Amino acid sequence: MTERAEKTQAAQTHGAPTEARMIRGGLGALRADLFSGAFAFRPLPPLPADHRFLKRIPARFRDRGRWLPHASVVLAAVLVFLLGLADGGSSGDDFVGLLQGFAGALPVLLTLTRPIAAFWLSMAISVFGVAIGGVTYDGAFPWTAAGFLGHLVVMTQVALRSRPRVAAEMWLITAAFGAMVVGYEGNGDDALVAMVILSAFALAAAVSLGGWNSARQEVAVKEAEVAAKEEDTLAERSKRTRLEERTNIARELHDVVAHHMSVVAIQAEAAPYRVENPPPELEQAFATIRENAVAALTELRRVLGVVRAEDYEAPDAPQPTLADLEGLLANVREAGLRVGRTITGSVRELPPGVELSAYRIVQEALSNTLRHAPGASAKVEVSYVLGGLGIRVVNGPATGLIKASPGAGHGITGMRERVAMLSGAMTAGETADGGYEVSVFLPVEQASPESATGEGA
């Protein structure tokens, strides 16, 4: 035997099992689609509340409109029943007409709960009618007029709620049944051709509509997933921004408070040496002050030091205050922002945390103006009032000559974090002329007369 002959024989040997496997696979799919779980309860679901059809009808009818598919099936069953009744009446036998109408409508109604079982019931009724004879076919053999229409409706309903393969299997079974009966009886060619053609068009339309609905649902699900991911991303980004801003605030406050606590400890240690022969009580008092200051400084570094990055280095320059506000305004003027400053009230020294936060709030508000309202002018108002400090930064609308720079939108979040840390109040929003306004009030406790007298002493 030559090498070519051996290859040909091997191909033939391997080809037969492949075809057998294809046949077994097809039969297995048919069994899974139309036999396994054929009587399973699969109720027809109502239309979803957000269906586009329901959005086009008045709101008071939308709850009832969700049951439109069920009403359509019931209406089709009524038409099938009336057709069977009229077909039987034309032959002069009302009982036969009633029986044909009921036999045609029952499978249609069954599609509401058990669609595959409805298909097999329709097939069984057709076989039973051919077997017993005595029914009025009126040119629709091997189906009655009601059975013909009812079978089309049943197959269409099943195809709308199943995969396309099921539609092909039902069409083949129906065509095979009709061909066997027509071949045996020798008549009914026209009805068979009509059933094959009409059912092919009906099933193709049902499969197309079902595929379109499935595609729309998949797109809607994906859009919902994307929207949910975007919301999660924005929430995570906002959370991360708040944490970063709190970290920055903690670092800055750590530097400010640590500096002043260090000064207190050094002065408490040096104070007894500035007085000749200080009493022991005074030395003990200063020693206690120094010990408490050192302990507080150690505890502060232990608690707040955890927020520092490993590569974080404390700034060499002192933290900015409201006294440095003019330098900030000069910088933004060089960047092209027309900004004015107004200070009202009696200027006084405020706690370091308030000074630093006020400076940062003005800085962030002006930075937002540069990014989001290019070409606009701004105004900064600082008000020293009895209970604290008021800040107001207002900018006009963008001129439109320069494109606004996109931002993450977390500057307002950072300002709110600083205001909340100091138990203050803040409002931010658009103005009537299309600009933007940020208003902040930072409370400052008033020094008592006793402490003021002590400081003066």
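Before going into details, it helps to say that this report is about the structure given with it. Bear in mind the structure is a predicted one, so any value in this text is a computation, not a measurement.

## Some remarks on the environment of P115
Now for step 1: Examined against the element boundaries, P115 turns out to sit in helix α5 (residues 115-132).
Now for step 2: In contact with P115, other than residues within four places in its own chain, are R42, L110, V158 and R161.

## Looking at the nonpolar core
Now for step 1: Within the largest apolar cluster, 34 residues are counted, with the highest numbers of intra-cluster contacts made by V108, M155 and M170.
Now for step 2: Elements that contribute at least two residues to this core include exactly α3 (68-90), α4 (94-110), α5, α6 (145-160), α7 (164-185) and α8 (189-270).
Now for step 3: At eight residues, the largest contribution of residues to this core is made by α6.
Now for step 4: Beyond its immediate chain neighbours, meaning those up to four positions away, V108 contacts V73, A76, A77, V80, G150, V153 and V154.
Now for step 5: In terms of nonpolar packing, the next biggest core, distinct from the first, is built from 31 residues, Y359, I412, M426 and V444 among them.

## Some points on the packing of aromatic side chains
Now for step 1: Counted by the stated rule, this structure contains four aromatic pairs.
Now for step 2: On the basis of an interplanar angle of 40° and a centroid distance of 5.1 Å, the ring pair of F35 and W120 is categorised as tilted. Of this pair, F35 sits in the loop between α1 (3-34) and α2 (62-65) while W120 sits in helix α5, and the two are 85 residues apart along the sequence.
Now for step 3: For F35, a relative accessible area of 48% gives the class partly exposed.
Now for step 4: Residue W120 is classed as partly exposed on the basis of its relative accessible area of 25%.
Now for step 5: Taken together, the ring pairs connect F35, F119 and W120 into an aromatic cluster.

## Description of the packing of helix α11 (residues 352-372) against helix α12 (residues 411-421)
Now for step 1: The contact between α11 and α12 brings their axes to 10 Å, and the two run at 165°. Compared by their axis directions, α11 and α12 come out roughly antiparallel. Remark: the crossing between α11 and α12 carries left-handed chirality. Contacts between α11 and α12 pair S357, R360, I361, E364, A365 and N368 from the former with G411, I412, M415, R418, V419 and M421 from the latter.
Now for step 2: Considering only residue class, the contact of α11 with α12 consists of six nonpolar, three polar and three charged.

## Some remarks on a negative patch on the surface
Now for step 1: A grouping of E230, E231, D232 and E236 is seen on the molecular surface, where their side chains present a negatively charged patch.
Now for step 2: Mapped onto the secondary structure, D232 falls in helix α8.
Now for step 3: The exposure class of D232 is exposed, given its relative accessible area of 53%.

## Considerations on the sheet that holds strand β2 (residues 377-385)
What links the strands of a sheet is backbone hydrogen bonding, and the strands pair in either a parallel or an antiparallel sense.
Now for step 1: Pairing is mixed across the open sheet formed by five strands, whose spatial order is β1-β2-β3-β5-β4. Where the open sheet ends on each side, the last strands, each with one partner, are β1 (338-345) and β4 (425-430). The sheet shows a mean angle of 10° between the axes of neighbouring strands, direction not considered.
Now for step 2: In this structure, β1 lies alongside β2, joined through eight bridges in parallel fashion. Note on β2: the bridge partner recorded for T342 is E381.
Now for step 3: Against the sheet, helix α10 (residues 325-334) touches β1 and β2, its axis set at about 160° to β1.

## Overview of the pattern of salt bridges
Now for step 1: Evaluation of the coordinates by the stated rule reveals seven salt bridges.
Now for step 2: Of the charged contacts in the structure, one is a salt bridge between R392 and E381, with a shortest N-O distance of 3.1 Å. Highlighted residues: R392 in strand β3 (residues 388-395) and E381 in strand β2, separated in sequence by 11 residues.
Now for step 3: Overall, E381 belongs to the partly exposed group, its relative accessible area being 23%.

## Let's talk about the side chain of Q157
Now for step 1: Mapped onto the secondary structure, Q157 falls in helix α6.
Now for step 2: Residue contacts for Q157: discarding those within four places in its chain leaves V73 and T111.

## Side note on unusual backbone geometry
Now for step 1: Unusually for a residue other than glycine, S423 sits at a positive phi of about 60°.
Now for step 2: Note that S423 resides in the loop between α12 and β4.
Now for step 3: Among the residues examined, S423 registers a relative accessible area of 61% and is labelled exposed.

Thresholds, definitions, all that
- Residues numbered from 1 in each chain as written.
- Predicted model: local features only at pLDDT ≥ 70, side-chain atom pairs only at ≥ 80, totals over all residues.
- Heavy atoms only, no water.
- Helix = DSSP H or I, 4+ residues; strand = E, 2+ residues; numbered from the N terminus.
- Contact = heavy atoms within 4.5 Å.
- Core = buried A, V, L, I, M, F, W, Y, C linked by side-chain atoms within 4.5 Å.
- Buried < 20%, exposed > 50% of the residue type's maximum accessible area, 1.4 Å probe, protein only.
- Phe/Tyr/Trp six-rings, centres within 6.5 Å; stacked < 30°, edge-to-face > 60°.
- Axes fitted to C-alpha atoms, helices over the stretch in contact; angles between N-to-C directions.
- Parallel < 35°, antiparallel > 145°, perpendicular 65-115°, else oblique.
- Left-handed = near helix turned anticlockwise from the far one by under 90°.
- Nonpolar A, V, L, I, M, F, W, Y, C, P; charged D, E, K, R; others polar.
- Patch = residues over 30% accessible without salt bridge, like charges linked within 9 Å, V, L, I, M, F, W, Y side chains within 5 Å.
- Areas by Shrake-Rupley, 256 points an atom, 1.4 Å probe, with all protein chains shown as cover.
- Salt bridge = Lys/Arg side-chain N within 4 Å of Asp/Glu carboxyl O.
- Lys, Arg positive; Asp, Glu negative; His and termini not counted.
- Charge placed at Lys NZ, Arg CZ, Asp CG, Glu CD.
- Pairing = 2+ DSSP bridges.

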